[in-house]
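The lines below spell out each chain.
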Amino acid sequence: MRALQILCFILAIPFLAALGHDAYITYQDQNYDQPMKFSQVGWLLQTYAPDSLGITKDSVEPTTWESTITPVLKMRTVILTGVPFLGTLALILILKGLEIVGAKGLMTRSIPAKTTKRQFVGKAGESKTAFKYKRK
């Protein structure tokens with residue numbers, strides 16, 4: 001469960017960054033009457049990392065680029081980063097709901113408590129009681 005929570009936190013960072021960037025770009029002139037504009041992944045790469053986009057485009061075959069990467073570059077950034085984050089968040093909430101209902105075995109592993117008391121195990125012939133120190 002802890003690993004899912006850490007994954008959810010890691011996936012929240014790009015989602016919140018994209019959402020914050022889009023809000024900043026839309027409302028930087030403080031005109032709050034307009035609807036929020038959501039940026040595309042390709043526009044972000046073209047604006048902020050054009051060299052990386054160029055290197056990637058040169059290293060991929062043109063048919064693969066058109067069929068696979070171009071649809072991803074046309075997607076909205078908030079959707080591309082939000083789907084994994086919200087999916088992980090939904091999974092965590094479902095598992096927490098199951099834990100509340102009583103399916104604790106899914107989340108935790110119960111280790112039975114030992115009821116026997118540990119005793120000192122000495123050499124052959126010694127008693128099996130706790131060791132006593134003799135101070136002078």
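These numbers were taken from a predicted model, which means no experiment stands behind them.

Student: Summarise the overall build of the protein chain; cite the residues concerned and give the values.
Tutor: Looking only at helices and strands, the protein chain features five helices and zero strands. Reading the secondary structure of the protein chain in the N-to-C direction produces α-α-α-α-α. In the protein chain, which comprises 136 residues, the proportion classed as buried is 18%. A total of about 11,300 Å² of accessible surface is found on the protein chain, and carbon and sulfur atoms cover 63% of it.

Student: Requested: an account of a nonpolar patch on the surface, with residues and values cited.
Tutor: On the surface, a nonpolar cluster with roughly 380 Å² of combined accessible area is contributed by V72, M75, I79, L80 and V83. Top element by residues in the nonpolar patch is helix α5 (residues 77–101). It accounts for three residues. For V72, the position within the fold is in helix α4 (residues 62–73).

Student: For helix α2 (residues 41–48), give the residues involved together with the corresponding values.
Tutor: Residues V41, G42 and L44 constitute the buried set of α2. Along the axis of α2, the buried residues cluster in a sector spanning 160 degrees; they form a single face.

Student: Tell me what's going on with the packing of aromatic side chains, and back it up with residues and numbers.
Tutor: Under the criterion given, the structure shown has three aromatic pairs. Residues W43 and Y48 carry aromatic rings whose centres are separated by 6.2 Å and whose planes lie at 85 degrees to one another, so their mutual orientation is edge-to-face.

Student: Residues and numbers for the nonpolar core, please.
Tutor: C8, A12, F15, A18, V78, F85 and I92 form the largest nonpolar core, which has seven residues in total. Among the elements that make up this core, the one with the highest residue count is helix α1 (residues 2–27) (four residues). Not counting the four nearest positions on each side in its chain, C8 is found in contact with F85, T88, L89 and I92.

Thresholds, definitions, all that
Residues numbered from 1 in each chain as written. Predicted model: local features only at pLDDT ≥ 70, side-chain atom pairs only at ≥ 80, totals over all residues. Heavy atoms only, no water. Helix = DSSP H or I, 4+ residues; strand = E, 2+ residues; numbered from the N terminus. Buried < 20%, exposed > 50% of the residue type's maximum accessible area, 1.4 Å probe, protein only. Areas by Shrake-Rupley, 256 points an atom, 1.4 Å probe, with all protein chains shown as cover. Patch = residues over 30% accessible without salt bridge, like charges linked within 9 Å, V, L, I, M, F, W, Y side chains within 5 Å. Salt bridge = Lys/Arg side-chain N within 4 Å of Asp/Glu carboxyl O. Arc of directions from axis to C-beta. Phe/Tyr/Trp six-rings, centres within 6.5 Å; stacked < 30°, edge-to-face > 60°. Core = buried A, V, L, I, M, F, W, Y, C linked by side-chain atoms within 4.5 Å. Contact = heavy atoms within 4.5 Å.

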